[in-house]
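Chain and residue survey
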Amino acid sequence: MKKFSYLFIALFNISLIITSCREEKSPDEKVEEAMENVGEDLENASDDVKDAAEDLQDEIEEAKEESGDDN
């Protein structure tokens, strides 16, 4: 019975150590992380728009060339 008590106490202490080591973010850190995520999303969106504009420009140039070939 004594060994069982020691085992229970050891397991309890280990569980306390594990749960107390969790890193929790402060509200400021959460806001900062959210702002960084939004910034990255905006950057990705602007890259997508730029790529789409370049594709459109290429298509316009191809259409001009094709219409010039028909004449």
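Residues numbered from 1 in each chain as written. Predicted model: local features only at pLDDT ≥ 70, side-chain atom pairs only at ≥ 80, totals over all residues. Heavy atoms only, no water.

Section: the overall build of the chain
For clarity, the threshold we go by: Working definition: helices are DSSP H or I runs of at least four residues, strands are E runs of at least two. Numbering for both runs from the N terminus. All radius of gyration figures rest on C-alpha atoms, and the globule criterion is 2.2 Å times the number of residues raised to 0.38. Buried, partly exposed and exposed residues are distinguished by accessible area as a fraction of the type maximum, computed with a 1.4 Å probe on protein chains only: under 20%, between the cut-offs, and over 50%, respectively. The Shrake-Rupley method, run with a 1.4 Å probe sphere, supplies the accessible areas, and residue values consider only the shown protein chains as cover. We treat Lys and Arg as the positive residues and Asp and Glu as the negative residues; His and chain ends play no part in the count. To locate a charge, the coordinates of NZ of Lys, CZ of Arg, CG of Asp or CD of Glu are taken.
Per the secondary structure count, the chain includes two helices and zero strands. Relative to the globule expectation of 11 Å for 71 residues, the C-alpha radius of gyration of the chain, 31 Å, shows a markedly less compact shape. Taking the principal axes of the C-alpha coordinates as reference, the chain spans close to 100 × 30 × 5 Å. Looking at the chain as a whole, 0% of its 71 residues qualify as buried. Of the roughly 7000 Å² that the chain leaves accessible, carbon and sulfur atoms contribute 57%. Across the chain, the mean location of the 7 positive side-chain charges is 27 Å away from that of the 23 negative side-chain charges.

Thoughts on a nonpolar patch on the surface
Let me state the cut-off plainly: Patch membership requires more than 30% relative accessible area and the absence of a salt bridge. Residues of like charge join within 9 Å; the nonpolar side chains Val, Leu, Ile, Met, Phe, Trp and Tyr join within 5 Å. The working definition used for a salt bridge is a side-chain nitrogen of Lys or Arg within 4 Å of a carboxyl oxygen of Asp or Glu.
Residues Tyr6, Phe8, Ile9, Phe12 and Leu16 make up a contiguous nonpolar surface patch of roughly 560 Å² in combined accessible area. Mapped onto the secondary structure, Phe12 falls in helix 1 (residues 2-20).

Quick notes on the environment of Asn13
Looking at the element boundaries, Asn13 is found in helix 1. Accessibility expressed as a relative area gives 38% for Asn13, which makes it partly exposed. Sequence separation between Asn13 and Gln57 is 44 residues, and the spatial gap between their C-alpha atoms is 66 Å.

What about the environment of Ser5?
In this structure, Ser5 sits in helix 1. Residue classification places Ser5 among the partly exposed residues on the basis of a relative accessible area of 33%. Distance from Ser5 to Glu43, taken between C-alpha atoms, is 58 Å for residues 38 residues apart in sequence.

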